[in-house]
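Analysis of the macromolecular model
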Amino acid sequence: MTLRRADGTTAAARLDGDEYVLLDDPDVGSLLAREDWREHARRSAGPRGTLVDADPAPVVPRPGKIVCVGLNYRSHILEMGRPLPEHPTLFAKFADALVGPADPVELPPESEAMDWEAELAVVIGGTVRRATPAMAEQAIAGFTVMNDITLRDWQFRTREWLQGKTFEATTPLGPQLVTPDDLPGGTRPSLTISTTVDGRTMQKADTADLVFDPVWLVRYVSAIVTLRPGDIIATGTPGGVGHARTPPVYLAPGQRVVTRIDRIGRLDNQIVSAR
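Residues numbered from 1 in each chain as written. Predicted model: local features only at pLDDT ≥ 70, side-chain atom pairs only at ≥ 80, totals over all residues. Heavy atoms only, no water.

Turning our attention to the overall build of the protein chain. Along the protein chain, the regular secondary structure elements total seven helices and 18 strands. The globule rule puts the C-alpha radius of gyration for 275 residues at 19 Å, and the 18 Å found for the protein chain is close to it. Looking at the protein chain as a whole, 55% of its 275 residues are labelled buried. Expressed as a percentage of contacts within the protein chain between residues at least 6 apart in sequence, the contacts between residues at least 24 apart total 74%. Carbon and sulfur atoms provide 50% of the accessible area of the protein chain, an area that totals close to 12,200 Å². Charged side chains in the protein chain number 30 positive and 36 negative. The centres of these two groups are separated by 3 Å. (Helix = DSSP H or I, 4+ residues; strand = E, 2+ residues; numbered from the N terminus. Rg over C-alpha atoms; globule rule 2.2 N^0.38 Å. Buried < 20%, exposed > 50% of the residue type's maximum accessible area, 1.4 Å probe, protein only. Contact = heavy atoms within 4.5 Å. Areas by Shrake-Rupley, 256 points an atom, 1.4 Å probe, with all protein chains shown as cover. Lys, Arg positive; Asp, Glu negative; His and termini not counted. Charge placed at Lys NZ, Arg CZ, Asp CG, Glu CD.)

Structure (structure tokens):
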């Protein structure tokens, strides 16, 4: 995970039970740029602290690329009234949209339709272009949790989605990177993913419901652009979003959004009015 320090800087940290061990890397993205990042993370023995006192930043604060996939869970595609796709719908997000796993999410005054989207996020751990299946598996450092908070009134102003997806301080990411060997299914994990709003369950699914799995997505995206350590691929959201309800349900200041993926962690964010 990446932690904020009291002086405003950040540091990568290894989790050891309920404690963390600081590494000599400024964040997880920098750690992944090392060819020996796995061994380096295992052997480092910096200062320790307790998770209770930790202030987590986005697990990768400044990824070079954030590639997001729309309409990738069968349940969500069906609730939106769409056919199953032959190719993934891709869009981008900028790093300024990211916040930490316990940070406030800012509802901008320009929008009245903020929605939740729990997502499994792939974290890239090696440079790869035009990946074979084996190369794609090797390039996946692990997984983390994202909520692709979306401003629906901006998203659907045009056929291009980006403007509703990347408002500043709207996308929590974290709390930690979990490597494939620690997850059932490895690089194609089968995990429960959920969102609650003020304690009410809004989304609950299994990542096995993905149409395009993480390995497939690394292959597809790497055909377009070189993927590098610290890049993020957000794999899409399951059914249960607010926009698909009758009537639609949107987030308001003061509400608490909790996003969980079993065996990876949770995001716990309060919606606040942007200043």
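Below, the discussion takes up the pattern of salt bridges. Counted under the stated rule, the structure contains 20 salt bridges. The closest approach of N and O atoms between arginine 48 and glutamate 19, which form a salt bridge, is 3.0 Å. Placement of the pair is arginine 48 in strand E4 (residues 48-50) and glutamate 19 in strand E3 (residues 19-22), with a sequence separation of 29 residues. As a salt-bridge pair, lysine 65 and aspartate 231 come within 3.0 Å of each other at their nearest N and O atoms. Within this pair, whereas lysine 65 is found in the loop between E4 and strand E5 (66-70), its partner aspartate 231 is found in the loop between helix H7 (214-224) and strand E16 (232-234), the two being separated by 166 residues in sequence. Taking relative accessible area as the criterion, aspartate 231 reaches 2% and is therefore assigned buried. Taken together, the shared-partner salt bridges in this structure form one network comprising Lys93, Asp115, Glu117, Asp148, Arg152 and Lys165. (Salt bridge = Lys/Arg side-chain N within 4 Å of Asp/Glu carboxyl O.)

Our next topic: the nonpolar core. In this structure, Val122, Phe143, Val218, Leu227, Ile233, Ile261 and Ile264 are the most contacted members of the largest nonpolar core, which totals 30 residues. Elements represented by at least two residues in this core include exactly E5, strand E10 (118-124), helix H4 (133-139), strand E11 (140-147) and H7. The contact partners of leucine 227, leaving out residues within four places of it in the chain, are Lys65, Ile124, Gly126, Thr127, Val128, Val218, Val221, Ser222 and Ile233. The next biggest cluster of nonpolar side chains, apart from the first, holds 24 residues, and it includes Leu31, Trp37, Val123 and Leu177. (Core = buried A, V, L, I, M, F, W, Y, C linked by side-chain atoms within 4.5 Å.)

Time to look at the sheet that holds E3. Ordered by their spatial adjacency, four strands build an open sheet running E1-E2-E3-E4, and the pairing between neighbours is antiparallel. The two strands at the open ends of the sheet, each matched to only one other strand, are strand E1 (2-4) and E4. Geometrically, the sheet is characterised by an average inter-axis angle of 45° between neighbouring strands, direction not taken into account. Across four bridges, the pairing between strand E2 (residues 10-16) and E3 is antiparallel. Each bridged residue has a counterpart across the sheet, and for aspartate 16 the counterpart in E3 is glutamate 19. (Pairing = 2+ DSSP bridges. Axes fitted to C-alpha atoms, helices over the stretch in contact; angles between N-to-C directions.)

Turning next to the sheet that holds strand E17 (residues 256-261). Spatially, E8-E18-E17-E14-E15 is the arrangement adopted by the five strands of the open sheet, whose pairing is mixed. The two strands at the open ends of the sheet, each matched to only one other strand, are strand E8 (105-107) and strand E15 (200-206). When strand polarity is set aside, the average angle formed by the axes of neighbouring strands in this sheet is 20°. Where E8 and strand E18 (residues 265-273) come together, three bridges link them in parallel fashion. In the sheet register, valine 105 faces E18, and the bridge partner there is isoleucine 271.

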